[in-house]
Amino acid sequence: MNYSLKDKVVENLKKAAQHNSQIMVRPEVILWPDPERQFEQVIPALQRTFPALLIFGAFQPEKKQGPAIWLKCMVARTLPEAEWPEKTIPIIYLPGMSKGDFRNIAVAGLDVQPLMEYQYSGTLFTQVNGREWTVLAFMENEQAGLGLNVAQDSATKEYLVKVLPNVFEDKDVHFPQTIVDANFLQSLLFPDTIPSVLQWLCKGDDFMKNLSPEQAEAFRSICKSRYSFEPDARNQVDVAQKLGSQRNDWKQVWQYYANAPHKFPDIEPLLRLAKPDDLGTGVFTVPEESWPQVNEQKEEELRKELKAVAKLQVKEALKKLESLKRKHQERLRWVWSERGQSPLATALTHLLAMTEVAAEPFPATSIAELKEYYTGKGYLADQAMRWALASVKSEKDRETVIGVISTIYRPWLENVTLKFQTLIKEDASVFTNQQAQPETENFVLFVDAFRFELAIEFSKRLIRNGYKVEMETGWSAIPSLTPTAKPNVSPIASAVAKRSEIKDFRPQLKSDKDLQTANFRAALAEHGFEFIPNGSGIDQGKRQWQEIGEIDTKGHSEQAGMVRRIEELFEQVKEAIDAAFEKGVRRIKIVTDHGWLLLPGGLPKEELNKNLTENRWGRCALIKEGAQVDLLHLPWRWNPGVYIAYAPGISFFRKNDEYAHGGVSLHECLVPTLFIENTNAMQVTARFAEVKWINLTCKIETTGAPDGYQVDIRTKYSDPASSIVLLPGKTLKDNKLTLMVDDDAEGQSATLVLMDEQGTILNKRPTVVGG
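Now for a description of the structure that goes with this document. These numbers come from a predicted model, not from an experiment. (Residues numbered from 1 in each chain as written. Predicted model: local features only at pLDDT ≥ 70, side-chain atom pairs only at ≥ 80, totals over all residues. Heavy atoms only, no water.)

### Some words on the packing of aromatic side chains
- Across all of its chains, the model carries 27 aromatic pairs by this definition.
- Here Tyr-379 and Phe-452 contribute two aromatic rings whose centre-to-centre distance is 5.6 Å and whose plane-to-plane angle is 85°, an arrangement assigned as edge-to-face. Linking Tyr-379 in helix α18 (residues 367-390) with Phe-452 in helix α21 (residues 452-464), this pair joins segments that are 73 residues apart in sequence.
- An aromatic cluster of at least three residues, connected via ring pairs, comprises Trp-32, Phe-39, Tyr-93, Phe-125, Trp-133 and Phe-138.
- If you follow Lys-486 out to its NZ or CZ, it ends over the ring of Phe-446, 5.1 Å from the centre.
- Residue placement shows Arg-637 over the ring face of Trp-638; its charged tip is 4.1 Å from the ring centre. (Phe/Tyr/Trp six-rings, centres within 6.5 Å; stacked < 30°, edge-to-face > 60°. Helix = DSSP H or I, 4+ residues; strand = E, 2+ residues; numbered from the N terminus. Lys NZ or Arg CZ within 6 Å of the ring centre and 35° of its normal.)

### Notes on the side chain of Ser-665
- Position of Ser-665 relative to the elements: it lies in the loop between β16 (659-660) and α26 (666-669).
- Beyond its immediate stretch of four places on either side in the chain, Ser-665 contacts Thr-417, Phe-420, Leu-597, Arg-619 and Leu-670. (Contact = heavy atoms within 4.5 Å.)

### Observations concerning the pairing of strand β12 (residues 613-616)
- Across 3 bridges, the pairing between β12 and strand β13 (residues 620-623) is antiparallel. Each bridged residue has a counterpart across the sheet, and for Asn-615 the counterpart in β13 is Leu-622.
- In sequence, β12 turns back onto β13 through a hairpin of 3 residues. (Pairing = 2+ DSSP bridges.)

### A few points about the sheet that holds strand β14 (residues 632-636)
- A sheet is described by the order of its strands in space; here 4 strands give the open sequence β12-β13-β15-β14, paired in antiparallel fashion. The two strands at the open ends of the sheet, each matched to only one other strand, are β12 and β14. Going from strand to strand, the sheet's axes swing by 35° on average, the running direction of each strand aside.
- In terms of strand pairing, β13 meets strand β15 (residues 639-646) through 2 bridges, oriented antiparallel. When the bridges of β15 are listed, Cys-620 appears paired with Tyr-646. (Axes fitted to C-alpha atoms, helices over the stretch in contact; angles between N-to-C directions.)

### Here we look at the nonpolar core
- Trp-412, Leu-445, Phe-450, Ile-577, Ile-588, Ile-590 and Ile-676 are the most contacted members of the largest nonpolar core, which totals 116 residues.
- Here the element with the most residues in this core is helix α19 (residues 395-426); it accounts for 12 residues.
- Core analysis: the next-biggest nonpolar cluster, separate from the first, contains 81 residues, Leu-46, Val-135, Leu-160 and Ala-216 among them. (Core = buried A, V, L, I, M, F, W, Y, C linked by side-chain atoms within 4.5 Å. Buried < 20%, exposed > 50% of the residue type's maximum accessible area, 1.4 Å probe, protein only.)

### Overview of the sheet that holds strand β21 (residues 736-740)
- Spatially, β18-β19-β21 is the arrangement adopted by the 3 strands of the open sheet, whose pairing is antiparallel. In this open sheet, the two strands that pair with only one neighbour each are β18 (687-694) and β21. Here the average twist between neighbouring strands, direction ignored, is 20°.
- Bridge count for strand β19 (residues 697-703) against β21 is 5 bridges, and the pairing is antiparallel. Counted as the bridge partner of Glu-701 is Lys-736 from β21.

### Thoughts on the pattern of salt bridges
- Applying the stated criterion across every chain, the model contains 40 salt bridges.
- Of the charged contacts in the structure, one is a salt bridge between Glu-169 and Arg-48, with a shortest N-O distance of 2.9 Å. Note that Glu-169 is positioned in the loop between α6 (154-167) and α7 (182-189) and Arg-48 in the loop between α2 (43-47) and β2 (53-56), a separation of 121 residues in sequence.
- When its relative accessible area of 41% is taken as the criterion, Glu-169 is described as partly exposed.
- One salt bridge connects Arg-234 with Asp-232, and the closest N-O pair in it is separated by 2.6 Å.
- Where salt bridges share partners, they join Arg-386, Arg-451, Glu-453, Glu-457, Arg-461 and Glu-567 into one cluster. (Salt bridge = Lys/Arg side-chain N within 4 Å of Asp/Glu carboxyl O.)

The following block contains the structure:
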């Protein structure tokens, strides 16, 4: 069992009140001399345990403090403030007085003399050896105290007193088994020394103003003894150079900064100013990674090298990219990558992965073989291209990356699509043999334009979070447009007329109603499904259909810029899934209507005179009767007598578009279906029990959480990068944990997240920082 210092003081005060009533008179009072006032700051904490604990001093009755005459009246219980049981023995705390002060009444002051009789009618609270109790004595004493090995130097004794209010009631202080010294005690006054040094670098004198005098003194002492600097704002640039040099104890400070640089935004400009002109050689070398200018120089070098890659053939480009990765991959571990200042180094990894797929030949003797290639490996080229493009923001970086994509990804995409169209021309049964199937699931989540490679990435995330995920693949209805393809994956597919009149590629129901939004939802109800606009309407006792996602809308409006919206989509879908499981849904089916083509820089244009068409979209068109065009024609899903013409390869009937669907390609027509179950639903009992804020410190209690479970505080609950915790990675012990957050986070809305050892989110609770 763990004991706090308060536990030991309380235990000994109770022993002092013990007496054998058969042989001695009950003590009238317990006198507690404290010549050095070491316990003065913790007396209020003891008064909560001992309501009869009085203080000798100036008259402040609200503190149960007063002069000798007032104390005697309290001991005699003649004042109304003496609200303790009659048999309770009062304790008088005597700050600044020693045991020896009671021995000579003649020299005692008049203010003390009324208390002198208590040395005979009461008892003194002292150690067994007769000496006054000190903090050091309680720390060292094996029988009456904590039995610790404590250094005897003056600095340690001084910090024992200073740290006492911080640790007095804390049972969970992990005192070292070797020796308790001044350095350890300083760390108790400043448990987060390293982030405090970084905070001082950011805020200078403003940081010092927010410290108590004791904390400020401890901080200065730590800075001088451990980090060799005086915390004066005029020294900030010099101190930043020490940080960047990463020598001795500064290595740990740098590592902390590198792990969470967004929490200390003002350090980067200081490092810019502090960069030495000469980074040295040999043992005197200063790390390159510390200085943002070095990273910027290497980014510029990489930009020139990638522009040269864009002029190479695929095989040569692959070799060059492999060489560039070896040269630049170290920078991905630099803090500037975390700060988003190494976009080309980040994109390089993805460009290489994209090229590795594009450089290999692929099988294409049948649709099944091509599908197997794409679902096993080919999709990785799409994924890597998307990640590469999402890595860059500036126009010059985008141009550089798009240059490589145009050289390597575009020919691969064109070849795969042409092979698929050739096979479909020979045998279109994957589209023409589609039949409506009855819906067997109770909860269906429709995610618009959830392309296969997105579904793969999202599934892996769900699996890492403890969900059970199964995926099936099928073919969209064609053309791969929402008006045609969405009804095909819905519970009302069997109600759609197979001889529909084509209206903007939208069919009709067998009742002849045009399948616009209102009629679609009404048909859902007729087939036993309730349309719900959001998670608040989820009812596990009903069959329900929910729609989510704006990828298609963003793709058409933002073109290639939509790659930066994928995380938003994933968050929306994850929140919808979590909401369904929280409402008791056991199994979720995710369906989608179509995928899409994406080619940064623009899809090639295919000329098609609009006068030859009844209706022309970007990748498909309804040709006027009698008009002749040399394009692939395939029957419409909802009327096999209506044939739709499709753009060849990856071409587009308009120019400059980067995002498109409606055509015939693996990317547009291969659609995933996910089945998701929450395997943790029946076993998770861990929950938040109590959350209490003390300024920027959050004290957390849980129930049902084993030791080792983690708690984080995030502005976006599903995004670990949004954590505002100063020292991440702490784990629960006995269902308790204390976390500190950034100063800048005060007043923010956030979410406490409870996770198991694998990082699976088990419970969450909204909070306001500091509130």
